[in-house]
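# Fold and geometry: a report
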2 protein chains.
Amino acid sequence: MAISSRFSVAAHILTLIHQKEGDRLTSEFIASSVNTNPVVIRRILGMLSKAGLVRTSAGVAGARLARPLGEITMLDVYRAVQSEQEELFAMHEHPNPACPVGRNIQASLDHVFLDAQRAMEAQLASVTMEQLSLDVASRA
Amino acid sequence: MAISSRFSVAAHILTLIHQKEGDRLTSEFIASSVNTNPVVIRRILGMLSKAGLVRTSAGVAGARLARPLGEITMLDVYRAVQSEQEELFAMHEHPNPACPVGRNIQASLDHVFLDAQRAMEAQLASVTMEQLSLDVASRA
DNA sequence: CTTAGGTGTACTTAGTATAGTTACAGCCTC
DNA sequence: GAGGCTGTAACTATACTAAGTACACCTAAG
């Protein structure tokens, strides 16, 4: 397994809001498009709201984009639904400090992992949600 | 959570074999450096062996490198310990085909995800295990 | 050829993350 | 004030991982 499907659901939600702008989309409606439970949608909308990507108000249907989709990158969405401390690469935690390799492997690997993660994030940052939404629309 | 720590353990193992070349490292010795159970090491060594990165023989201590560390990239190691079908990005599986967005979002996201994954893999491919091993040694 | 040590692998267990679900308090709007 | 919706807590089922136990089999050394 890997990166949570929250990410793909979040992208789905934002695309829906964009393409139905003006409509008041309930979490139930969105859930029927994603094909999941409305609570799952509300949870993810909550994360997007905390990240400042959408604005919602309790008790009122219809989340709105906090800024144009062209100013929201896939990386913004990724980070919104990913718990911050969650590292992409896991590391074995307590190598033996009495061993020269065990003592130093973590620092060396950290560097490699960070570079790899940055490369992925840079790629995500290069795509905006607007591009995604237009791509989806072009297939319809 | 994220990419299994098998990856970091595998890198640790290869570094050890490299730096103690000639010695016959038992899974128990390696396990004490990684600080885990010998069976975990044997399992991962098995994956490295299947991937053609090391050679082992049943009943005999001392795995050997199948080729020089300079010809083994971090991506090779990553792929060796990662089940092939395992995608980095998960996708919600059954969006509603009756919705224009639900019907097309997967294809669009697939493209974005693939690019991001490739960016990460390209970065991993640019680092050899030899570089890692030398970096570890330089800290000792 | 016997035996001690080691590998390869199946099976079990425990911990953790996720998605899905139920339930409900609180907020808006009509 | 009533209905509809959100936000969130709590629970369940599922899946993956790491760790650990057990054991059959292999090899090399004596």
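Parameters and conventions
Residues numbered from 1 in each chain as written. Chains lettered and ligands numbered in written order. Predicted model: local features only at pLDDT ≥ 70, side-chain atom pairs only at ≥ 80, totals over all residues. Heavy atoms only, no water. Near = heavy atom within 4 Å. Polar contact = N/O pair within 3.5 Å; in protein donor to acceptor, adjacent residues only side chain to side chain. Helix = DSSP H or I, 4+ residues; strand = E, 2+ residues; numbered from the N terminus. Salt bridge = Lys/Arg side-chain N within 4 Å of Asp/Glu carboxyl O. Buried < 20%, exposed > 50% of the residue type's maximum accessible area, 1.4 Å probe, protein only. Least-squares fit on C-alpha atoms with pLDDT ≥ 70 in both. Contact = heavy atoms within 4.5 Å. Buried area = accessible area lost by both parts, 1.4 Å probe. Nonpolar A, V, L, I, M, F, W, Y, C, P; charged D, E, K, R; others polar. Pairing = 2+ DSSP bridges. Expected span 1.5 Å × (residues − 1). Arc of directions from axis to C-beta.

Looking at an unreviewed UniProt entry, one finds chain A named Rrf2 family transcriptional regulator, with Cohnella fermenti as its source organism.

Among the 25 residues in the neighbourhood of DNA strand D, the closest are listed as A:Ser27, A:Arg42, A:Thr56, B:Ser5 and B:Thr36. Restricting the count to atoms of DNA strand D within 4 Å of the protein gives a sugar and phosphate share of 59%. Here A:Ser27 contributes a side-chain N or O atom positioned 2.8 Å from a phosphate oxygen of DNA strand D. Between A:Thr56 and DNA strand D, the recorded distance is 2.6 Å, taken from a side-chain N or O atom to a phosphate oxygen. Among the secondary structure elements, those contributing two or more residues to the surface near DNA strand D are α3 (38–50), β1 (54–57) and β2 (60–65) of chain A together with α3 (38–50) of chain B. If you tally residues by element for the surface near DNA strand D, the top one is α3(B), at four residues.

The next point concerns the pattern of salt bridges. Residue and element names in this part refer to chain A. Applying the stated rule across the entire model yields six salt bridges over all chains. Residues Asp 135 and Arg 139 are paired through a salt bridge, measuring 3.1 Å at the closest nitrogen-oxygen approach. On the criterion of helical spacing, the pair formed by Asp 135 and Arg 139 is a turn pair, its members being four residues apart in helix α6 (residues 129–139). You can call Asp 135 partly exposed: its relative accessible area is 28%. Its relative accessible area of 39% is what places Arg 139 among the partly exposed residues.

Here we take up the relation of the copies chain B and chain A. Expressed as a screw transformation, the operator carrying chain B onto chain A has a rotation angle of 180° and an axial translation of 0.0 Å, and the superposed copies differ by an RMSD of 0.0 Å. Interpreted geometrically, this transformation is the action of a two-fold axis.

Another aspect to go through is the interface of chain B and chain A. One frequently used descriptor of interface size is the decrease in accessible area upon assembly of the parts. Between chain B and chain A, the residue contacts involve 51 residues of the former and 51 residues of the latter. Interface of chain B and chain A: buried area, both sides summed, is about 4400 Å²; carbon and sulfur atoms make up 69% of it. Linking chain B to chain A there are zero salt bridges. Taken together, chain B and chain A are joined by 14 residue pairs in polar contact (both at pLDDT 80 or more). Counting residues per element, the ones that place at least two in the side of chain B that touches chain A are α1 (6–19), α2 (27–34), α5 (100–125) and α6 (129–139) of chain B. Of all the elements, α5(B) adds the most residues to the side of chain B that touches chain A, at 16 residues. Here the residues of the side of chain B that touches chain A sort into 30 nonpolar, 16 polar and five charged.

Glancing now at the pairing of β1(A). All names here are of chain A. The sheet contact formed by β1 and β2 spans three bridges and is antiparallel. Looking at β2, one finds that Ser 57 is bridged to Val 60. Hairpin connection of β1 to β2: two residues between the antiparallel strands, including Gly 59 at a positive phi of 90°.

Bringing α3(B) into the picture now. All names here are of chain B. In this model α3 runs 18 Å from its N-terminal to its C-terminal C-alpha over 13 residues, within 8% of the 18 Å that 1.5 Å per residue would give. For α3, the set of buried residues is Ile 41, Ile 44, Leu 45 and Leu 48. Seen from one end, α3 has its buried residues packed into an arc of 105°, which puts them on one side. Seen from the open side of α3, the exposed residues pointing more than 90 degrees away from its buried face are Arg 43 and Lys 50. Looking at the packing, one finds that the buried side of α3 touches α1, α2, β1 (54–57), β2 (60–65) and α4 (74–81). For α3, the capping residue at the N-terminal end is Asn 37, with a side-chain oxygen 2.9 Å from the backbone nitrogen of Val 39. At the C-terminal side of α3, Gly 52 shows a positive phi close to 80°.

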